[in-house]
Structure formats: C-alpha cells, structure tokens
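# Working through the structure, step by step
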Amino acid sequence: MRRLFPVTDQTPGRPRAVGATGTGDAPASAPAAGSPAQDAQPAPVQDVPPAPASDAPPAPAQDREWSLDELADAYAYPAGPAVWLRANMVSALDGAAQHEGRSQPLSNATDMRIFGTLRGLADVVVVGAETVRQEGYRPARAREAFAARRSAAGQGPAPAVAVVSAGLDLDFGLPLFTEPLVPSLLVTGASAPADRLAAARAAGVEVVIAGDGAAVEPARAVRALADRGLRRLLTEGGPRLLGQFVAAGVLDELCLTLSPMLTAGTAQRIAGGPDLPVPERFSLGSLLEEDGFLFARYHRG
C-alpha cells in the first residue's frame, strides 16, 4: 500500500527538496564587486566530471501492507457530533459495480481489509434489501483490532445493520435478523405491507419508520438513525440505495475502490436512479494504491 495523495515525503516519485548547501544549489547571494572575496584568486579545484544526467524517476517508496490501525487512522470519521454518511463502493475500469450480480469479483484482499476497517469505525451499516439478498449479508461481528477504538468513541462492540426496504421481501429467519451481536434494524415507510411489518416485529426486528408512504425517504432515514445515536453511518449500497442518497443530497463521503478490471456487459454503475439536475462536485481527500487498485476518498466539496 502506498499513499499517492495528499503528497508527502513518502509519496512515490516525489523529488526530495535539496537544502541551500546541497549539491547543485546556487549560492544564496553573490559577493559585492571589489570585496576581498571577489578580488582574491580562487583556490585551485580538481577537475571532477559532472554526474551524468538521468531522466529516470526517483525510486518509489517501499510498498508494504498497512496495519489495521494505520487504515483506521486514514479512514477516521471527522471529529465532532455531526452526522456523517459515507458510502463504500467498488467499480471496474469500465464503470461496472458488479460482475454476475455481485461486487466481490471486483475486489481484492486489501479492498476487503478496508471494507472491514470501515465497518469497524461505523455506528451502523445501511444497506438495501436487494444487496442483502444478493450478497448473503450476515451480522457485523466484533473485531478485537477495533475494540479499544470503539470503546473510546462510546460505540458498541460492532455496528448495527440497517436494512432499507419498501416491500419487506426479506427472510426474517436469516442470521442477519436472528443472530446479530447488535440488533439489526429494518428501515421502511409507514405504508409498508402490514403483514410483513408484523412478521418483522414478531421476529424481534426493530422497525424504523422513515417515510409516509411505502418508500423510504433518504433524509428521514439518516435523521431517524441519528436520533438513535447512530451518527457515523456507512452505506454499502446497492447502487439504487446509493443513488437515492445522492439525489437527496445527504451523502457526505464516497470511499471508492477502482479495480483494474474490465467486465463489459450491462452491470450497474455504483449509483442508479434519476439524473441530478446539476452534477454535484466532490473533492479528493486521499488516494492510496496497491497492486493496481486505487482506493480513493472523496468528500462533499
């Protein structure tokens, strides 16, 4: 793993600054005309040929695996009480967010370590029902590597998982709902199917109402989760849910893995739904690289 942005002395290819006394530097000031220094005869010097010029770039910093603590520092949520919604998505070079319906084929081991780190920092993971079905979601687990950090931040042992669904076409007997370390949440609208609401509640699932109709209103969902003390939000998609958050203007940060793969086909992009009237500009916060994969953080400009 190497940091490409922000640029530091450890950034691969960055030339090192040469001090005032370094080789090749011009003197800070020339001696005044008529001064002893100018009138004196110069001392003899050996005729040393100059070093040959080279167009080769500086040697890159050594690539190494970052510790989970380093990743956690690099992806830390902003300090303070504000609510912060970040998304974590992966995309192929041709814009595909999935291959054969799943994101895992576009990933690699480091992407999965970052995936785990982002979960280790979040209060709640917000995910769409279709992603739960396709990716086989299970409850978030406690990670010893993040235990002290979570305790210091006043967090529970693991993030809750909040499933966003209008039709509630979910199996409430799945481990996601029956075996969570932290109770899973179901985010839906007030007009969701009554029988499915009853089934969820009978299974012990906590229901969060965030819309007057059947559909969930993204801004209300964020507020409702924040009202439960879940201020550090992480959404893992899918594309339709992310598109809804983008359209509602409530996404604060995008953690995007650019996978060095091409898939062609008709796979979805990372965000779906209607076009924004005006594209929203985000700013690059950091960029890491390993084995051709780029790991970028963009935040609202």
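Let me begin by describing the structure that accompanies this report.

### With respect to the overall build of the chain
Tallying secondary structure elements over the chain gives nine helices and ten strands in all. Looking at the chain as a whole, 38% of its 301 residues are labelled buried. Sequence-distant contacts, at least 24 apart, represent 70% of the contacts inside the chain between residues at least 6 apart. Of the roughly 16600 Å² of accessible surface on the chain, 55% is carried by carbon and sulfur atoms.

### Let's talk about the packing of aromatic side chains
All chains considered together, the criterion is met by two aromatic pairs. Note on Phe-293 and Phe-295: the rings are 6.3 Å apart at their centroids and 10° apart in plane angle, and the pair reads as stacked. What makes Phe-293 buried here is its relative accessible area of 5%. Assessed through its relative accessible area of 1%, Phe-295 is described here as buried. Geometry around Tyr-77 places Arg-86 over its ring, the cationic atom sitting 4.1 Å from the centre.

### Quick word on the pattern of salt bridges
For the structure shown, the criterion picks out 15 salt bridges. We note a salt bridge from Arg-232 to Asp-123, for which the minimum N-O separation is 3.1 Å. Note that Arg-232 is positioned in strand 7 (residues 232-235) and Asp-123 in the loop between helix 3 (109-121) and strand 3 (124-128), a separation of 109 residues in sequence. Neither Arg-232 nor Asp-123 differs from the other in exposure class; each is buried.

### Details of the pairing of strand 7
Taking every second residue as pointing to the same face, both faces of strand 7 are buried, with Arg-232 and Leu-234 on one and Leu-233 and Thr-235 on the other. With four bridges joining them, strand 2 (residues 84-92) and strand 7 adopt parallel strand pairing. Looking at strand 7, one finds that Arg-86 is bridged to Leu-234. Inspection of the sheet shows strand 3 paired to strand 7 by three bridges, in the parallel sense. Bridge assignment links Val-126 to a residue of strand 7, and that residue is Thr-235.

### Regarding the pairing of strand 4 (residues 160-164)
The element strand 4 is largely enclosed, with a buried count of five among its five residues. Across the two faces of strand 4 the burial is the same, with Ala-160, Ala-162 and Val-164 and Val-161 and Val-163 all buried. As paired strands, strand 3 and strand 4 are joined by five bridges and run parallel to one another. Note that in strand 4 the partner of Val-126 across the bridge is Ala-162. The pairing of strand 4 with strand 5 (residues 185-188) spans three bridges and is parallel. Bridge pairing links Val-163 to Leu-186 in strand 5.

### A closer look at the packing of helix 3 against helix 5 (residues 144-152)
In contact at an axis separation of 9 Å, helix 3 and helix 5 are set at 30° when each is read in the N-to-C sense. Judged by the angle between their axes, helix 3 and helix 5 are roughly parallel. Relative to helix 5, the crossing made by helix 3 is right-handed. For the pair helix 3 and helix 5, contact is made by Gly-116, Thr-117, Arg-119, Gly-120 and Leu-121 and by Phe-146, Arg-149 and Arg-150, respectively. Considered class by class, the residues forming the contact of helix 3 with helix 5 number two nonpolar, three polar and three charged.

### Section: the sheet that holds strand 6 (residues 206-209)
Pairing between the strands of a sheet comes from backbone hydrogen bonds, and it takes one of two forms, parallel or antiparallel. In spatial order, the strands read 1-9-10-8-2-7-3-4-5-6; together these ten strands make up an open sheet with mixed pairing. Bordering the open sheet on either side are strand 1 (2-5) and strand 6, each of which pairs with just one other strand. Across the sheet, the axes of successive neighbouring strands diverge by a mean angle of 25°, strand direction being ignored. Here helix 3 sits on the sheet and contacts strand 2, strand 3, strand 7, strand 8 (253-259), strand 9 (282-290) and strand 10 (293-300); the angle it forms with strand 2, its principal contact strand, is near 170°.

About the criteria used
Residues numbered from 1 in each chain as written. Predicted model: local features only at pLDDT ≥ 70, side-chain atom pairs only at ≥ 80, totals over all residues. Heavy atoms only, no water. Helix = DSSP H or I, 4+ residues; strand = E, 2+ residues; numbered from the N terminus. Buried < 20%, exposed > 50% of the residue type's maximum accessible area, 1.4 Å probe, protein only. Contact = heavy atoms within 4.5 Å. Areas by Shrake-Rupley, 256 points an atom, 1.4 Å probe, with all protein chains shown as cover. Phe/Tyr/Trp six-rings, centres within 6.5 Å; stacked < 30°, edge-to-face > 60°. Lys NZ or Arg CZ within 6 Å of the ring centre and 35° of its normal. Salt bridge = Lys/Arg side-chain N within 4 Å of Asp/Glu carboxyl O. Pairing = 2+ DSSP bridges. Axes fitted to C-alpha atoms, helices over the stretch in contact; angles between N-to-C directions. Parallel < 35°, antiparallel > 145°, perpendicular 65-115°, else oblique. Left-handed = near helix turned anticlockwise from the far one by under 90°. Nonpolar A, V, L, I, M, F, W, Y, C, P; charged D, E, K, R; others polar.

Just distances and angles here, no functional claims.
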